[in-house]
Amino acid sequence: MEVATLPMELWRVILSYLPLPDLGRCCLVCHAWRELVLSLDNTRWKQLCLGCPECRHPNWPSQPHLEPASWREALKQHALASRTWTQNGVELQSSACLHLFRRRKDRRVLHVGVGCEFETLRGALGAASPYDRVVLHPGVYEEQAELALKVPVELVGLGQLGEVSLLVCVEQQCPTARLCNLVFMPAWFSTVVYKTSWGHVQLDNCNFEGAQLQVRGPGTCQARFCSFSHGGSANFLGVALSLLDSCDFSGSDAASVTVDGSPVSERNWACKHLAALARTLTSEGSPTNGVPPRGSWGTGNAEVGSTFSAEDWGKAAWQRSTGAPLLGQDTVIEDGWGEDRLCDGELKSHEQGNNQASWDYKLACDRHSLAPLLKPQPDGSLPPASSPDPHYVIPGLLSLSQELQRDPEAQLLATSIQGCFVRRCVLRDGKGGVHICNYGQARLEENVFRGLNYAVRCIQNSTIVMLRNEVRECSASGVFLRLSAHGLIAENNIHSNGEAGLDIRKGANPIILCNRIHSGLRSGVVVLGNGKGSIRSNQIYNNKEAGVYILFSGNPVVSGNHIFQGQAAGIAVNENGRGMIIENVIRENQWGGADIRRGGDPVLRNNYICYGYSDGVVVGERGRGLIEGNHIYCNKGCGVWVMASSLPQLLANYITHNRIYGLAVFCRKDPENREPRVGGAQENFNDDGEIFAWENDLDSEDERYSARRSISVALVEGNCMSHNGAVGLYVKTSEPLNVIGNLLNSNCATGIAVLQSTQLTRLVANCTLDNSLGGVTVEKDCRVELRGNGIYDNKGHGVSFCGDGQIGENDVVGNRGNGIQVSSNADVKVLHNRVQPSKGGGAIVVLGPVKGVIGDNVLFQGHPGNKEALLHMDPSNESCVLNNNIILCPSHTLWALENPSARPLADSTSGPSASGYSSRLTISMTARISATVESGCHNSGSMFCSIL
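Since the structure is predicted, the reported quantities are computational estimates derived from the model, not experimental observations.

**A short note on the overall build of the chain**
At step 1: What the chain contains, in helices and strands, is 15 helices and 77 strands.
At step 2: In the chain, which comprises 948 residues, the share counted as buried stands at 59%.
At step 3: For the chain, the computed accessible surface area is about 36200 Å², with 50% contributed by carbon and sulfur atoms.

Written as structure tokens, this is what we have:
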């Protein structure tokens, strides 16, 4: 019959009455009939799928409200999966198996129940032949002793799920079996209701109420659409492969799923079939096959784009940052050193106008070694040091496929299928989700964990693969790894947990990629107790404490993440924590973008730390670390806040456009009773009585730190500090400090201000340029050495010095106040400087009872209308010696900054280059070590000193 003889709607009504076999036959008639049958997907195929007593809604239990892409395809996949148990090819040849199911007419159906041929399950199993079907009629079946399943059979409950209940303990002693539509409850003598140690069992649409399923390798299991409630659980001991698909676990007293032991080497007949089925399910669940992409779960911030500029989300934040001040906990403005402080000489010159005085004799000073940082880039854009507005291109997040291409180990884990495979299950409202121990292996994919104490716990050298799961509302940590556990955790949505989203301890070393970790009541990720791990391309945001918290010798690699909008620090490194923190975007956090304290010693390199509501980087008491090549900008507090008694190395960073200081070094210590709000140091599980003695592991070393140079003095080298809202570099410390090769320009106050320095502060080969107040200010009782600096075009005094020390071999040109002003009770040597004042100032001015020597300086004549003396000293001063100073006029043959050229010189600096961090200005290793390492380093065993 032709399809066109009747209207299409009428055909659909007729076909909707056909059973499944007849629909299949209709598909074989012709192409038109096939298309007609396929068009019944939302009607007849849906009815057949939902009416099948052996399965439930295809998206049960996680998303039963969502319809599948195709009801017919869902029914087909169920039919194929339900026949796995029949593919036993070990004892029977393929032809014999086909003969058994397709030609044998004597495959019996045994009925069990009141009024049936068998009244007890034991009796039916004793009479069953291989592959018979045992149908249990509605009722409760209880056995007083353990049942042995010796031949392959199929046990099926008749009627709706729940009408057939078994209070039994069954031990499978045959190659294969199938159980369907049954409710298992524990017998009086055992909570284990079903166990197998070498055969394969298939469970379809069964309930385990307070009962346990036990599978021991080489036995295997495939469970689909099953419920484990009231403490019901599944235990897998040394299994090579088992599959839990679309199951529901609730109310567990311990772990809902336990995977214990390494997969045994022996394999039963079902392993190859389960592996093929698992690969099919995995390919269906990939991001390109209908699974919601990363960033689509629940609520929260949208995923950051691949590459974008700061204007995309930063303008509003920067406008907030430049509005009413919101000072962070660690930011201090002292003694009026803000935007509005002007000393007397600076006020005088400032009142003459903000424009540069025009004069004909100004020395050319734009060829110093740091000048390339100020020149336009090849595309015409301004570099960060010159741009009055922040213009940064922020790196985007890599996708999982991109990460896997870069990491063969992660790629191997992503494709591995071994151990227990848990897919599309819901684990809820109990103590634990999945527990893997003793070299166990598990793969968790597209599951939902909620309302548990913990979702996943992987310990004792076990391996975990977690893909596209949702972990939420756990009372403790969501995912917990320790004792050398490892694996891959990728594209999961981990949120709203009571402790850390991820907790990594005691040698655990997972790969954590492309997850969303957010809205936690404590930290996002905690790494401690020699925990390691590679944490890459994740979105970590809106956590109540630190986004990533590293302590107690934790040593992860944290790379390429976006860590934002946290209610505390972005990344916190505390209590001897370490770590490689590389190329992250850390923005809009309430506290420091990175917080390093109490022995924390990380490598912080090439990160974007911006738009924070407090300081960009905080190095607290006893903090250490290498802070190198970062972009730190647009923070409401300081760019970098360093506490005395810490020993950081700040190298080649761009510290720009911060509301207060660029870099502040303070002498204050953390209060004894104050814990910084960085993360929860007590986020642990102690339910097994283990005592976490992290202090025993603090002496461990990692090869990644072996090449870092040792220092005994805090080091600030090769940084660019520009366009900050107050002083570029603010020093008030009781510890020595080395400041070498930095560019400080266009700050809204003094370039460098040293207010307290009881030990020597060395300012060597820096360039302070075009700052709104002076170039360098040194207050009373400070010990400071200024050597080899270029101090140009500042709107106050070039150098205002009231302390003790030496000012030698500096170029001080074009400043609106005095070039070098020495005053108060200073005890100073001013030697071998080249100084040219602007209009209205002197070259070298000595005020008050200054002690010292002013000698061998070259003073260049300034503006022709300048009536101030180039060299001035109070007539009453008898303790300061003037010796061999030279005054030059424009007609002199030496009228230029030559031999040497304008300072700072190229052989004494190592700053960030105009083209980026990777092409930093070079410096000979010998010169660099001699300029930055204290004489005591030979006693401390510095590796660099040993090499030289």
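There's more to say after this.
**Describing the environment of Thr-176**
At step 1: Assignment of secondary structure puts Thr-176 in strand 8 (residues 176–180).
At step 2: According to the relative accessible area criterion, Thr-176 is buried, its value standing at 0%.
At step 3: In this structure, the C-alpha to C-alpha distance between Thr-176 and Glu-154, residues 22 residues apart in sequence, is 9.1 Å.
At step 4: In contact with Thr-176, other than residues within four places in its own chain, are Trp-85, Asn-88, Tyr-131, Pro-152, Val-153, His-200 and Trp-269.

**Looking at the pairing of strand 10 (residues 192–196)**
At step 1: Most of strand 10 is tucked away, with four of its five residues classed as buried.
At step 2: Sheet topology note: the strand 10/strand 13 (residues 212–216) ladder contains four bridges and is parallel. Counted as the bridge partner of Lys-195 is Gln-214 from strand 13.

**Focus: the nonpolar core**
At step 1: Counting 132 residues, the largest nonpolar core has Leu-136, Leu-244, Leu-481, Leu-786 and Phe-801 as the members making the most contacts within it.
At step 2: Excluding anything up to four places from it in sequence, Leu-481 contacts Cys-458, Ile-464, Ile-489, Leu-502, Asp-503, Ile-504, Arg-505, Ala-508 and Pro-510.

**A closer look at a nonpolar patch on the surface**
At step 1: On the surface, Leu-10, Val-13, Ile-14 and Tyr-17 cluster together to form a nonpolar patch covering roughly 410 Å² of accessible area.
At step 2: Turning to its location among the elements, Tyr-17 is positioned in the loop between helix 1 (8–15) and helix 2 (20–27).

**Some thoughts on the pairing of strand 68 (residues 811–815)**
At step 1: Where burial is concerned, most of strand 68 is hidden: five out of the five residues are buried.
At step 2: Direction of pairing for strand 65 (residues 790–792) relative to strand 68: parallel, over a ladder of three bridges. If you follow Tyr-792 over to strand 68, its bridge partner there is Val-813.

**A look at the confidence of the model for the chain**
Close inspection of predicted coordinates is inappropriate in any region flagged by low pLDDT.
At step 1: Considering every residue of the chain, the mean pLDDT works out to 81; 79% of them sit at 70 or more.
At step 2: Every residue in residues 287–315 scores below 50 in pLDDT, and together they form 71 contacts with partners more than four places removed in sequence or on other chains.
At step 3: Within the model, the stretch residues 913–948 combines pLDDT values under 50 with 63 contacts to residues more than four positions away or in other chains.

**So, the packing of helix 2 against helix 3 (residues 31–38)**
At step 1: Helix 3 packs onto helix 2 with a crossing angle of 140° between their chain directions and a minimal axis gap of 7 Å. Looking at the two axes, helix 2 sits oblique to helix 3. Here Leu-23, Cys-26 and Cys-27 of helix 2 come into contact with helix 3, specifically with Trp-33, Arg-34 and Val-37.
At step 2: Among the residues forming the contact of helix 2 with helix 3, the class breakdown is five nonpolar, no polar and one charged.

**So, unusual backbone geometry**
At step 1: Between Gly-217 and Pro-218 the backbone carries a cis peptide bond, its omega angle lying at 10°.
At step 2: Structurally, Pro-218 can be placed in the loop between strand 13 and strand 14 (220–224).
At step 3: Cis geometry is adopted by the peptide bond preceding Pro-904, which originates at Arg-903 and carries an omega value of 0°.
At step 4: Along the chain, Pro-904 turns up in the loop between strand 77 (886–888) and helix 13 (925–932).
At step 5: In this structure, Arg-424 takes a positive phi of about 55° despite not being glycine.

**Digging into the pattern of salt bridges**
At step 1: The full count for this structure, using the stated rule, is 32 salt bridges.
At step 2: Between Arg-224 and Asp-204 there is a salt bridge, with its nearest N and O atoms 3.8 Å apart. Placement of the pair is Arg-224 in strand 14 and Asp-204 in strand 11 (residues 200–204), with a sequence separation of 20 residues.
At step 3: Classification of Arg-224 as buried rests on a relative accessible area of 6%.
At step 4: Arg-472 is the partner of Glu-473 in a salt bridge, and the nearest nitrogen-oxygen pair spans 3.0 Å.
At step 5: Counted as one network, the salt bridges with shared partners bring together Arg-133, Glu-154, Arg-178, Asp-204 and Arg-224.

**Things to note about the side chain of Asn-766**
At step 1: Within the fold, Asn-766 resides in the loop between strand 61 (761–764) and strand 62 (767–769).
At step 2: A polar contact is formed between the side chain of Asn-766 and the backbone oxygen of Val-739, at a distance of 3.0 Å.
At step 3: For Asn-766, the residues in contact, after removing those within four places along its chain, are Val-739, Ile-740, Gly-741, Asn-742, Leu-744, Gly-788, Asn-789, Gly-790 and Pro-904.

**Quick word on helix 12 (residues 408–415)**
At step 1: Within the sequence span of helix 12, burial applies to Ala-410, Leu-413 and Ala-414. End-on, the buried residues of helix 12 take up no more than an arc of 100°, which puts them together on one face. Among the exposed residues of helix 12, those pointing more than 90 degrees away from its buried face are Pro-408, Leu-412 and Thr-415.
At step 2: Looking at the buried positions of helix 12, the neighbouring elements they touch are helix 11 (400–406), strand 25 (441–445), strand 28 (463–467), strand 31 (486–490) and strand 34 (509–513).
At step 3: At the N-terminal end of helix 12, a side-chain oxygen is found 3.1 Å from the backbone nitrogen of Glu-409, two or three residues along, and the residue is Asp-407.

**A few points about the side chain of Thr-196**
At step 1: Along the polypeptide, Thr-196 turns up in strand 10.
At step 2: Among the polar contacts made by the side chain of Thr-196, one reaches the main-chain carbonyl oxygen of Gly-199 at a distance of 3.3 Å.

**Observations concerning the packing of aromatic side chains**
The relation between two aromatic rings is expressed through the spacing of the ring centres and the mutual angle of the planes.
At step 1: If you walk through the whole model with that rule in mind, you get eleven aromatic pairs.
At step 2: Considering the side-chain rings of Trp-188 and Phe-189, the 5.3 Å spacing of their centres and the 80° angle between planes classify their relative orientation as edge-to-face.
At step 3: Ring plane angle 10° and centroid distance 4.5 Å describe the contact between Phe-228 and Phe-249, whose orientation is recorded as stacked. Taken as a pair, Phe-228 in strand 15 (residues 227–229) and Phe-249 in strand 18 (residues 248–250) lie far apart in primary sequence, 21 residues in all.
At step 4: Taking the relative accessible area as the measure of exposure, Phe-228 reaches 0% and is therefore buried.
At step 5: One aromatic cluster is present, formed by Phe-184, Phe-208, Phe-228 and Phe-249 through successive ring pairs.
At step 6: In this structure, Arg-443 packs its charged tip against the face of Phe-421, placed 5.8 Å from the ring centre.
At step 7: Lying across the ring of Phe-564, Arg-587 places its NZ or CZ 4.3 Å from the centre.

**Some remarks on the packing of helix 1 against helix 3**
At step 1: The geometry of helix 1 relative to helix 3 is characterised by a closest axis approach of 10 Å and an angle of 70° between their N-to-C directions. Here helix 1 is positioned roughly perpendicular relative to helix 3, judged by the angle of their axes. Contacts between helix 1 and helix 3 involve Met-8, Trp-11, Arg-12 and Leu-15 from the first element and Trp-33, Leu-36 and Val-37 from the second.
At step 2: Residues that form the contact of helix 1 with helix 3 fall into these classes: six nonpolar, no polar and one charged.

**Things to note about the environment of Leu-155**
At step 1: Within the element layout of this structure, Leu-155 appears in strand 5 (residues 153–157).
At step 2: Each C-alpha atom of the pair Leu-155 and Arg-178 lies 6.2 Å from the other, and the pair is 23 residues apart in sequence.
At step 3: Residue contacts for Leu-155: discarding those within four places in its chain leaves Leu-121, Leu-125, Val-134, Leu-136, Arg-178, Leu-179, Cys-180 and Leu-182.

**Quick word on the environment of Pro-383**
At step 1: With respect to the helices and strands, the residue Pro-383 is situated in the loop between helix 10 (344–350) and strand 21 (393–395).
At step 2: Note on Pro-383: relative accessible area 1%, which makes it buried.
At step 3: On a C-alpha basis, the gap between Pro-383 and Pro-372 in space is 9.4 Å, while along the polypeptide they are eleven residues apart.
At step 4: For Pro-383, the contacting residues outside a window of four places in its chain are Leu-373, Leu-374, Lys-375, Pro-376 and Gln-377.

**Topic: the state of the cysteines**
At step 1: This model, assessed by the stated rule, comprises zero disulfides.
At step 2: Among the cysteines around Cys-802, which has no disulfide bond, Cys-782 carries the closest sulfur, lying 9.0 Å off.

Rules used in this analysis
- Residues numbered from 1 in each chain as written.
- Predicted model: local features only at pLDDT ≥ 70, side-chain atom pairs only at ≥ 80, totals over all residues.
- Heavy atoms only, no water.
- Helix = DSSP H or I, 4+ residues; strand = E, 2+ residues; numbered from the N terminus.
- Buried < 20%, exposed > 50% of the residue type's maximum accessible area, 1.4 Å probe, protein only.
- Areas by Shrake-Rupley, 256 points an atom, 1.4 Å probe, with all protein chains shown as cover.
- Contact = heavy atoms within 4.5 Å.
- Pairing = 2+ DSSP bridges.
- Core = buried A, V, L, I, M, F, W, Y, C linked by side-chain atoms within 4.5 Å.
- Patch = residues over 30% accessible without salt bridge, like charges linked within 9 Å, V, L, I, M, F, W, Y side chains within 5 Å.
- Salt bridge = Lys/Arg side-chain N within 4 Å of Asp/Glu carboxyl O.
- pLDDT = per-residue confidence, 0-100.
- Axes fitted to C-alpha atoms, helices over the stretch in contact; angles between N-to-C directions.
- Parallel < 35°, antiparallel > 145°, perpendicular 65-115°, else oblique.
- Nonpolar A, V, L, I, M, F, W, Y, C, P; charged D, E, K, R; others polar.
- Polar contact = N/O pair within 3.5 Å; in protein donor to acceptor, adjacent residues only side chain to side chain.
- Arc of directions from axis to C-beta.
- Phe/Tyr/Trp six-rings, centres within 6.5 Å; stacked < 30°, edge-to-face > 60°.
- Lys NZ or Arg CZ within 6 Å of the ring centre and 35° of its normal.
- Disulfide = S-S within 2.5 Å.

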